[in-house]
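Listed below, chain by chain, are the residues.
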Amino acid sequence: MAQQEFIIDRYNPDTDESYQESFNVDVQPGQTVLDSLNAIKWEQDGTLSFRMSCRHAICGSCAMKVNGQSMLTCQTQVDAAAERGDPIRVGPQGNQNVIKDLVVDVTKFLDQFERAETWLEPYEDQDPPEREYRQKVEEFDHWSHASTCIHCGACYSDCTVAGVDENFLGPAALAKAYRFVMDSRDSKRDERLKFLSEEQGGIWDCTRCYMCVQACPKDVLPMDAIMELRTLAIEAGHTNNHGVRHHKGFTSGVRKRGRLDEMMLPIQSVGIGRLITGNLSAHKEMMDYTPGAIRLLKTRKLLTIAQRHGANAEGREQIERIFDEVEAEKHHHDVDADAFGAEFETAIGGH
Amino acid sequence: MLQHDVLIVGSGLAGMRAALEVSNDPTLDVAILSKVHPLRSHSGAAQGGIAASLGNSAEDSWDLHMFDTVKGGDYLVDQDAAEVLTREGPENIFELEHMGCAFSRDDEGRVAQRRFGGHTAPRACYAADRTGHAVLTVLFEQLLRRGVKVYSEWYALDLVVKDNVCQGLVAYDILSGQIEAISAKAVMFGTGGYGRAFRVTTNAFASTGDGVVMAYRAGIPLEDMEFVQFHPTGLQGSGILLSEAARGEGAHIVNSDGFRFMENYAPGRMELAPRDIVARAEQSEIEAGRGVTSLRDSVFMDLRPIGEERIRYALPSVLHLARDFAGIDPLDAPVPIQPTAHYSMGGIPCDINGQVRIKDLDGAPEITGFFAAGEASCVSVHGANRLGTNSLLEAVVMGRRAGRGILDVVHDLEPTSIDEGDMANAIGEVDRFLTADGSQKVGEIRAELRDTMMDKCGVFRDDAELRECLGEVKEYQERFENVAIDDHGSTFNTDLLDAIELGHMLEYSEVITVGAIARQESRGGHARRDFPDRDDENWHRHTLAYRPQDGDDGPRLEYCEVNMEPKFREPFPLQERTY
């Protein structure tokens, strides 16, 4: 039996006091971080609070930060978490308020599912079949990974956007929305894609940092789901929104000049058409960019026109070639998407 | 005092399905109360499937399903209940499917079905090997859609019953530490099972039999508590469940000689015999010295005959659990497994509409306004042993029926009320723990209790061991009087909840043991070495255990008849149970 040190973030709500506390625990081979937290609670300090229930990675209660990264403590072996005999640091999930010790207020995280209306909306104009809806194995396999979410919040805790944007729906709710967009039993596919494209904090606010995929203890792959939603939304014609304009402005700038055109990007994202026609909210959106732009200028992150020269001729030729190759690849991908789309139509045609 | 028309305690499949049904009446105010967020409920841990005779893979019928259930339960099953369960199975599955449940599909796009122990046809509908999770999720989604009120992380302390009329509940808000009375015309318990009293168990930390004990303390007898199912394929040591679906897909179980020993116990069904039989076979092999690993306390389950591709597709959770919790890759090596306390056949006695009834008395008077469904209840659809995949089915079918049962009567029920006197017990219990300065620790007593129950009231039982078990449980109860906790705060005090839960475990462990001592026969999950045969003449009846009154030495036992009156067919007569 070996000893392992744990350094645990504590918070006492009665005194509003935050501190770290160290505990030494006897560990056996195969012991998990949750086993160790229980050993501390039951044998050393009963005041230590955390959530847990099933202890086999299905109830989603015990996600916490272990050495800075969110994971299910029941699924994490002490041996795997302890590097070179260093102490294991356990803290509460991020992006949420701490209630006590390792317990966070999950309301904000769970409210996002309600906001995204992640439940099946059946077809209202017809009764369901007498037996089950038919659903092809391929269709089910395409989205079923996203239905494995256990709502543990690990992705939301480590999400780099949720930390700075209260409005962000977050990886889990978006992945769950994806699951209903893809499910032929749902009648609101198009409404969902429109909402997810236009809502503040929707699919276009993800920065593709991949932290959610890394944190997820299941096979949900939230970021991949968000990226697929973007493609589906564009295909469905939901292009008149900030996200798609930003996306187009970004690529056209790179294609034209070989570099990101920071000055033009906000204008393109807000929409040149909207600005010219004197759309008030568009002008307000532009104003919202101003403080950030000034900060970027001061720190020389945003270059003035005189400083922006972009790539030379040879470089631009290379960039053009890359774009051509990507587009050829994309065409190939679209053929697959078309075939899938046809299958999807057949599947929902039965309703 | 808070007030609702209908209050459902427990947010697993039974509770949520019932709430959904009640919410069909927009004039009713229904709420769910649960000590964990609904998505954390233990129903989500069910893996292998949910049974129904859809006949998608092979010919099947509800009465074949009913026969399997009655025989699987060693004829202690109430046949009116088994009939309802199996007849209404398919429509309940289709309903879940229409709600969006993520069921796996067969080549025709229908709900896929596979084999399970004790079922003669492939009738386990599944969502890979996370079926409970898929059903739990879809029910919660639909509750959100309906906007049903949820008291999440509220702990029920006391059920208030006056003159056989249920008044409501006293509950503790875990976040704030406030104790509140919640009155309701109808209360339903879907509070789950009581497997946590055993050292090796598949059950979540939350499965501490709270609802069962609250009913018992309110004067309602508990039915058939001695019947606890040991699942044959728990991971060695932790007891974490490896789904029976593994055997349904073709896994072998072998002893230290590499022999598929089920050949000697149930040659007709091999590994797919019912759970009680496989668990006893394993225990017998282990006790005969044919166990595996250095501890010789387990046998091997070998998944390799299934093939890698199918394991990855149909059993991803089993694959991950073995890797993450035992460090063994089932694609390369067999996994050591042992019997693990899994399911509580006993519980709160109720009829097929979820109405709680004291069955032993003339006319079986009901507890007006009190309903139960799922593992907390004893209808009894499982009798002495539950078949795999029948538990999710029971939770859904009986949850829906209890919801309808409530709708049938609730408009005629009088408003109820809870006064300060009714809250005194609950307030006193919380105060006692918050101010106690005893020398005993919750964790220590609990660990000893779980050892005692596992070792002396486990897969095999006999009179001497059971009496030792009872003595030890009583000793723990005495020590518990002198328990103290560390946390005296009011916010998220899980130390306090641990103590209250241990009180529940100590109380029902005594009931299990007393029922097991009295039942001098072997039937289903209750196997007596000293009475190895089933004794229909004396014991084809349900146990009812009443809480001791002043002067009683322990629970008072009564017995009642097993229902043999299905409505739509002849009853299945008692037969010898062989596989």
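The model shown is predicted, which means the values in this text are computed figures rather than measured ones.

1. Examining the interface of chain A and chain B
Right, so step 1: Counting residues at the interface gives 61 residues for chain A, matched by 58 residues for chain B.
Right, so step 2: Notably, a salt bridge pairs Lys100 of chain A with Asp487 of chain B, separated by 2.4 Å at the nearest N-O pair.
Right, so step 3: Seen at the junction of chain A and chain B, the total is 35 residue pairs in polar contact (both at pLDDT 80 or more).
Right, so step 4: Contributions of two or more residues to the side of chain A that touches chain B are made by α1 (33-44), β6 (98-100), α3 (107-115), α4 (137-143) and α6 (171-181) of chain A.

2. Description of the side chain of Glu501 of chain B
Right, so step 1: Mapped onto the elements of the fold, Glu501 of chain B is located in helix α15 (residues 494-518).
Right, so step 2: With sequence-adjacent residues up to four places away left out, Glu501 of chain B is seen in contact with Lys35, Tyr155, Phe205, Thr208 and Asp210 of chain B.

3. Concerning the pairing of strand β19 (residues 541-546) of chain B
Residues and elements named next belong to chain B.
Right, so step 1: Of all 6 residues that make up β19, 5 are buried, and the element is covered over most of its length.
Right, so step 2: By the bridge criterion, 2 bridges tie strand β10 (residues 222-223) to β19 in an arrangement that is antiparallel. Paired with Glu223 across the two strands is Leu544, which belongs to β19.
Right, so step 3: Relative to strand β20 (residues 556-561), β19 runs antiparallel, the two sharing 6 bridges. Its bridge partner lying in β20, His542 is registered against Cys560.

4. A short note on the sheet that holds β19 of chain B
One key point about sheets: their strands pair by backbone hydrogen bonds, in either a parallel or an antiparallel sense.
Right, so step 1: An order of β10-β19-β20 (chain B) is seen for the 3 strands of this open sheet, with the pairing classed as antiparallel. A single partner strand is all that each edge strand has here, and the edge strands are β10 and β20 of chain B.

5. A word on the environment of Phe480 of chain B
Residues and elements named next belong to chain B.
Right, so step 1: Looking at the element boundaries, Phe480 is found in helix α14 (residues 463-480).
Right, so step 2: For the pair Phe480 and Ala527, spaced 47 residues apart in sequence, the C-alpha to C-alpha distance is 30 Å.
Right, so step 3: What Phe480 contacts, discounting residues up to four positions off in sequence, is Arg432, Phe433, Ile445, Ala499, Leu502, Gly503 and Leu506.

6. Description of a negative patch on the surface
Right, so step 1: Taken together, the side chains of Asp105, Asp111, Glu114 and Glu117 of chain A make up a negatively charged region of the molecular surface.
Right, so step 2: Counting through the fold element by element, Glu117 of chain A comes out in the loop between α3 and α4.

7. Observations regarding the sheet that holds strand β1 (residues 2-12) of chain A
Residues and elements named next belong to chain A.
Right, so step 1: Taken in spatial order, the 5 strands of this open sheet run β2-β1-β5-β3-β4, and their pairing is mixed. Unpaired on one side and paired on the other, β2 (17-27) and β4 (69-72) mark the two borders of the sheet. Within the sheet, the average angular offset between the axes of one strand and its neighbour, ignoring direction, is 35°.
Right, so step 2: For β1 and β2, the ladder comprises 11 bridges, and the chain directions are antiparallel. The residue bridging Asp9 from the neighbouring strand is Gln20, located in β2.
Right, so step 3: Where α1 meets the sheet, it contacts β1, β2, β3 (63-66) and β5 (88-91), and its direction lies at approximately 100° from that of β2.

8. Description of the nonpolar core
Residues and elements named next belong to chain B.
Right, so step 1: In this structure, Leu33, Leu96 and Phe370 are the most contacted members of the largest nonpolar core, which totals 141 residues.
Right, so step 2: Counting residues per element, this core draws most heavily on α15, which supplies 13 residues.
Right, so step 3: The contact partners of Phe370, leaving out residues within four places of it in the chain, are Leu159, Cys166, Val187, Phe189, Ala215, Ile220, Ile348, Gly354, Gln355 and Val356.

9. Quick word on the domain arrangement of chain A
One frequent convention defines the size of an interface as the accessible area lost when the parts assemble.
Residues and elements named next belong to chain A.
Right, so step 1: Taken domain by domain, chain A consists of domain 1 (2-104), domain 2 (107-239) and domain 3 (242-339).
Right, so step 2: For domain 2 and domain 3, the distance between their C-alpha centroids amounts to 27 Å.
Right, so step 3: Every contact between the two is made by 5 residues of domain 2 and, on the other side, 5 residues of domain 3.
Right, so step 4: Roughly 440 Å² of surface becomes buried between domain 2 and domain 3 when both sides are summed, with 68% attributable to carbon and sulfur atoms.

10. Quick look at empty space enclosed by the protein
One water molecule sets the probe size; rolling that probe over the atoms shows where empty space is left.
Right, so step 1: Tallied over the entire structure, the rule returns 10 cavities of 30 Å³ or more.
Right, so step 2: Each pocket or cavity is described by its volume, and for the second largest cavity that value is around 590 Å³.
Right, so step 3: Contributing to the lining of the second largest cavity are 38 residues, with Phe50, Arg51 and Met52 of chain A together with Val36 and Thr494 of chain B lying nearest its centre.
Right, so step 4: At the level of elements, α1, β3 and β7 (103-104) of chain A together with α13 (442-456) and α15 of chain B are the ones that each hand at least two residues to the lining of the second largest cavity.
Right, so step 5: It is α15 of chain B that provides the largest number of residues to the lining of the second largest cavity, a total of 6 residues.
Right, so step 6: Looking at the lining of the second largest cavity residue by residue, the class counts come to 20 nonpolar, 8 polar and 10 charged.

Each value, and the rule that gives it
- Residues numbered from 1 in each chain as written.
- Chains lettered and ligands numbered in written order.
- Predicted model: local features only at pLDDT ≥ 70, side-chain atom pairs only at ≥ 80, totals over all residues.
- Heavy atoms only, no water.
- Contact = heavy atoms within 4.5 Å.
- Salt bridge = Lys/Arg side-chain N within 4 Å of Asp/Glu carboxyl O.
- Polar contact = N/O pair within 3.5 Å; in protein donor to acceptor, adjacent residues only side chain to side chain.
- Helix = DSSP H or I, 4+ residues; strand = E, 2+ residues; numbered from the N terminus.
- Buried < 20%, exposed > 50% of the residue type's maximum accessible area, 1.4 Å probe, protein only.
- Pairing = 2+ DSSP bridges.
- Patch = residues over 30% accessible without salt bridge, like charges linked within 9 Å, V, L, I, M, F, W, Y side chains within 5 Å.
- Areas by Shrake-Rupley, 256 points an atom, 1.4 Å probe, with all protein chains shown as cover.
- Lys, Arg positive; Asp, Glu negative; His and termini not counted.
- Charge placed at Lys NZ, Arg CZ, Asp CG, Glu CD.
- Axes fitted to C-alpha atoms, helices over the stretch in contact; angles between N-to-C directions.
- Core = buried A, V, L, I, M, F, W, Y, C linked by side-chain atoms within 4.5 Å.
- Domains from an automatic or database assignment.
- Buried area = accessible area lost by both parts, 1.4 Å probe.
- 1 Å grid on protein atoms, 1.4 Å probe; cavity = no way out; pocket = protein on both sides within 12 Å on 5 of 7 lines; lining within 4 Å.
- Points joined across faces, edges and corners; volume = space filled by probe spheres on them.
- Nonpolar A, V, L, I, M, F, W, Y, C, P; charged D, E, K, R; others polar.

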